[in-house]
Amino acid sequence: MIAHSIWSKTACETVDRLRKREWHPSEVLKALVERINDINPVVNALPTLCLDRAMAKADEATAHSPLFGLPVPVKDAFAVEGVRTTWGSLAFADHVPDHSDYVVRSLEMAGGLIYAKSNTPEFEAGANTFNEVFGQTLNPWNTNLSAAGSSGGAAVAVATGMAFIAQGADFACSVRYPASFNGICGLRPTPGLIPQGPTRLPFQTLSVVGPLARNIADLGLGLDALAGFETRDPLTHPGGATVYRRSAEAPHRPERIAFSPDLGVAIVSKEVTAITTEAVDRLASEGLDIVCSHPELGECHSAFRTLRAFQFSALWSHLLETSRDKLKPEVVWNIEQGLKLTAQEIGAAEAGRAKLRVAMIEFLKEHGYLVAPTAPVPPFPANQRYVEEIDGVAMSTYLDWLALGYSVTITGCPAVSIPCGFTASGLPVGIQVVGLPHSESALLSVAAWILDVLGVGLDKPIDPRSSV
């Protein structure tokens, strides 16, 4: 086995070889560096490397599990001690934190080597990965197109073999949309499953950390490494350990599912609708009981947008006084929307969220799982800040095209995005599978079965292409 081919292996195979001491973490890391040197100048997914840090921990990592020294990149919205961390903002362009976020510590305790920071839009705002610090991350399926966001750098790194798995985070759709746009898998887990912080809002449940990977087994491995208990995170709990990789490696056909082409709340392109409907028809041909239905989610727009605005203002409003001229317009808009809110409006949004959660949970108890398109469009031109119209229907704000994502976010239910097909021009399209809270083990098993039936996935990393 020559070193430069290591990067093409799955995360699970690589970890198994590390465990057996057939490979050393430094050998794996050097192989990734070769791939990064070849690919990253084209797609700009990993703008910051911290190889010395990773190499220094390579020997001690072999004693840990479940990663045994597997290199993992961290999103540039999460602090890594001693490593430049910018949140994609000129306001923090030269920031070097003196501590690591809890999730970084979780990864390192699980034997992961943090070797890079993945690109993200400013403060993770918007589902197109660009910022004024590092520039645009490009979609490897067509480098003229968007990688989505906000975990766009993480998704591109995984798709191209610059990472085996990657840490991402999902607020409105920020793990799921990049997974769909890049032809890989991504999980938004139940809030509290993966520790977050330190943060000014430790009780918030809209934004969660989640893994991205090229297949479901690797996704389960990533969740094994990320999940855990942190006393300073009030949402985590010291429950029994779950081996998510084991569940992901055991495909299971569900008794039934529900399918909705738009969740009753989103504008979805005809092309995406046709591709996802065809995928569901293939599941039905395997004898799966499928009903076309969805819970009532109409209140998701007002509830999510109010709570999102509140969260932005609570986290970042202090920057309007010190760094307003360094913030992109969408960030300023989000903060200002939050500062205008009244207690009555926030209370109404919380009440709406509670209602939506009950509706989704009751629906899932009846139907098992809910399947829908992950994103409403295929990858769009990278120079567009956001999707402005879908099949001729204008989007009134830059949040409108995110409804397929945030309508699930607001319920607190986990959702996994998996590839389901390709457009006529060869661009990937994904579906998301939604399950009951804390059902990640079963959800990964079901997702694995669906992916096996569809036969769509990224067996090997891809090389970037300028057109398809």
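It should be noted that the structure appears before, not after, this text.
Caption draft 1: Representation of the overall build of the protein. Within the protein, the regular secondary structure consists of 16 helices and 15 strands. Taking 2.2 N^0.38 as the reference for a compact globule, 468 residues should give roughly 23 Å; the C-alpha atoms of the protein span a radius of gyration of 20 Å, in line with that estimate. A principal-axis box enclosing the C-alpha atoms of the protein has dimensions of 60 × 55 × 50 Å. Here the protein, with 468 residues, has 63% of them falling under the buried criterion.

Caption draft 2: Structural context of the sheet that holds strand E11 (residues 370–373). Read from one edge to the other, the open sheet built from eight strands follows the order E6-E8-E7-E14-E15-E11-E9-E10, with strand pairing classed as mixed. Here the strands that pair on one side only, and so sit at the sheet edges, are strand E6 (165–170) and strand E10 (289–292). Taking the axes of each pair of neighbouring strands and ignoring which way they run, one obtains an average angle of 30° across the sheet. Of the strand pairs in this sheet, strand E7 (residues 185–188) and strand E8 (residues 208–213) are connected by two bridges, and their pairing is antiparallel. Each residue of the ladder has a partner; that of Cys-185, found in E8, is Ala-213.

Caption draft 3: Focus on the environment of Arg-465. Structurally, Arg-465 is set in the segment after helix H16 (440–454). In this structure Arg-465 comes out as partly exposed when scored by relative accessible area, which is 33%. Note: C-alpha distance between Arg-465 and Thr-143 (322 residues apart in sequence) is 6.1 Å. Discounting residues that sit within four places of it in the chain, Arg-465 has contacts with Pro-140, Trp-141, Asn-142 and Thr-143.

Caption draft 4: Summary view of the sheet that holds strand E3 (residues 113–118). One open sheet holds the three strands; their spatial order is E1-E3-E2, and the pairing between them is mixed. Here the strands that pair on one side only, and so sit at the sheet edges, are strand E1 (48–49) and strand E2 (71–75). Strand direction decides the pairing type here: E2 and E3, joined by four bridges, are parallel. Paired with Val-72 across the bridge in E3 is Ile-114. With respect to the sheet, helix H2 (residues 25–43) is in contact with E1, E2 and E3, its orientation differing from that of E3 by roughly 20°.

Caption draft 5: Structural detail: the nonpolar core. Grouped together as the largest cluster of nonpolar side chains are 159 residues, with contacts concentrated most on Ile-216 and Trp-401. Broken down by element, this core gets its largest block of residues, ten residues, from H16. Leave out the neighbours within four places in its chain, and Trp-401 touches Ala-127, Tyr-177, Phe-181, Pro-376, Val-377, Phe-380, Tyr-386, Val-387, Ile-390 and Met-395.

Caption draft 6: Seen up close, a negative patch on the surface. Residues Glu-271, Glu-388, Glu-389 and Asp-391 make up a contiguous surface patch of negative charge. By secondary structure assignment, the location of Glu-271 is in helix H10 (residues 270–285).

Caption draft 7: Highlighting the pattern of salt bridges. This structure, assessed with the given rule, holds 19 salt bridges. For Arg-35, the salt bridge is made with Asp-463, and the minimal N-O distance between the two is 2.7 Å. On the criterion of sequence distance, the pair formed by Arg-35 in helix H2 and Asp-463 in the segment after H16 is long-range, its members being 428 residues apart. On the accessibility criterion, Asp-463 (46% relative accessible area) is partly exposed. Arg-324 serves as the salt-bridge partner of Glu-336, at 2.5 Å between the closest nitrogen and oxygen. Of this pair, Glu-336 sits in helix H13 (residues 329–339) while Arg-324 sits in the loop between helix H12 (319–323) and H13, and the two are twelve residues apart along the sequence.

Caption draft 8: Summary view of the packing of aromatic side chains. Within this structure, the stated rule accounts for 15 aromatic pairs. On the numbers, 6.4 Å between centres and 10° between planes, the contact of Phe-171 with Phe-312 is stacked. Here Phe-171, found in the loop between E6 and helix H7 (176–182), pairs with Phe-312, found in helix H11 (residues 300–316); they are 141 residues apart in sequence, far enough to count as distant. Looking at Phe-312, the relative accessible area reads 3%, which means it is buried. Taking the centre distance of 6.0 Å and the plane angle of 75° together, the rings of Phe-181 and Phe-380 count as edge-to-face. In this pair, Phe-181 sits in helix H7 while Phe-380 sits in the loop between E11 and strand E12 (389–390), placing the two residues 199 residues apart along the sequence. An aromatic cluster of three or more residues is present, and its members are Trp-87, Phe-92, Phe-123 and Trp-316. Between the NZ or CZ atom of Arg-308 and the centre of the ring of Phe-171, over which it lies, the distance is 5.3 Å.

Caption draft 9: Region of the structure containing the side chain of Ser-407. One can find Ser-407 in helix H15 (residues 403–409). A distance of 2.8 Å separates a polar atom in the side chain of Ser-407 from the backbone oxygen of Ala-403. Looking at Ser-407, its side chain comes within polar contact range of the main-chain oxygen of Leu-404, at 3.5 Å. Every residue in contact with Ser-407, bar those within four places of it in the chain, is listed here: Leu-263, Val-265, Leu-297 and Cys-300.

Caption draft 10: The arrangement of H10 in detail. With 16 residues, H10 should cover 22 Å at 1.5 Å per step; its first-to-last C-alpha distance of 22 Å lies within 8% of that length. Those residues of H10 that sit buried are Val-272, Ile-275, Thr-276, Ala-279, Val-280 and Leu-283. Taken down its axis, H10 places every buried residue within 130° of arc, on the same side. Opposite the packed face of H10, turned more than 90 degrees from it, sit the exposed residues Lys-270, Glu-278 and Ser-285.

About the cut-offs
Starting from 1, residues in each chain are numbered consecutively following that chain's sequence as written. With the structure being a predicted model, the display of local features is reserved for residues of pLDDT at least 70 and the display and counting of side-chain atom pairs for 80 or more, all residues being used for whole-chain, interface and lining totals. The basis for every side-chain value is the complete set of heavy atoms in the structure, and neither hydrogens nor water enter the calculation. Secondary structure elements are defined from DSSP: runs of H or I of at least 4 residues count as helices, runs of E of at least 2 residues count as strands, and each element is numbered from the N terminus. We compute the radius of gyration from the C-alpha atoms alone; for a globule the expected value is 2.2 Å times N to the 0.38, where N is the number of residues. Only protein chains enter the area calculation, which uses a 1.4 Å probe; residues under 20% of their type maximum are buried, those over 50% are exposed, and those in between are partly exposed. Strand pairing is assigned whenever DSSP identifies at least 2 bridges connecting the two strands. Each axis is a line fitted through C-alpha atoms, taken for helices only over the stretch in contact, and angles between the N-to-C directions span 0 to 180 degrees. Between two residues, a contact is recorded if the distance between any of their heavy atoms is within 4.5 Å. For this analysis, a nonpolar core means a set of buried residues of the types Ala, Val, Leu, Ile, Met, Phe, Trp, Tyr and Cys, connected via side-chain atoms within 4.5 Å. Exposure above 30% relative accessible area and no salt bridge define the residues that can form patches, which grow by joining like charges within 9 Å and nonpolar side chains of Val, Leu, Ile, Met, Phe, Trp and Tyr within 5 Å. Surface accessibility follows the Shrake-Rupley procedure with a 1.4 Å probe radius. Residue values consider only the protein chains on display as shielding. The salt bridge definition used is simple: a Lys or Arg side-chain nitrogen within 4 Å of an Asp or Glu carboxyl oxygen. For the charge count, each Lys or Arg is scored as positive and each Asp or Glu as negative, with His and the chain ends excluded. To locate a charge, take NZ of a lysine, CZ of an arginine, CG of an aspartate or CD of a glutamate. A pair of aromatic rings is counted whenever rings of Phe, Tyr or Trp (Trp by its six-membered ring) have centres within 6.5 Å, and the orientation is called stacked for planes under 30 degrees apart, edge-to-face for over 60 and tilted otherwise. Charges are assigned to positions over rings by a cutoff of 6 Å between ring centre and Lys NZ or Arg CZ, combined with an angular limit of 35 degrees from the ring normal. Identification of polar contacts relies on pairs of N or O atoms within 3.5 Å, with a donor-acceptor requirement for protein atoms, meaning one able to donate a hydrogen and the other able to accept it, and with residues adjacent in sequence counted only if both atoms are side-chain atoms. Expected span, for any helix, means 1.5 Å times one less than how many residues it has. Taken from the helix axis, the directions to the C-beta atoms give the arc we talk about.

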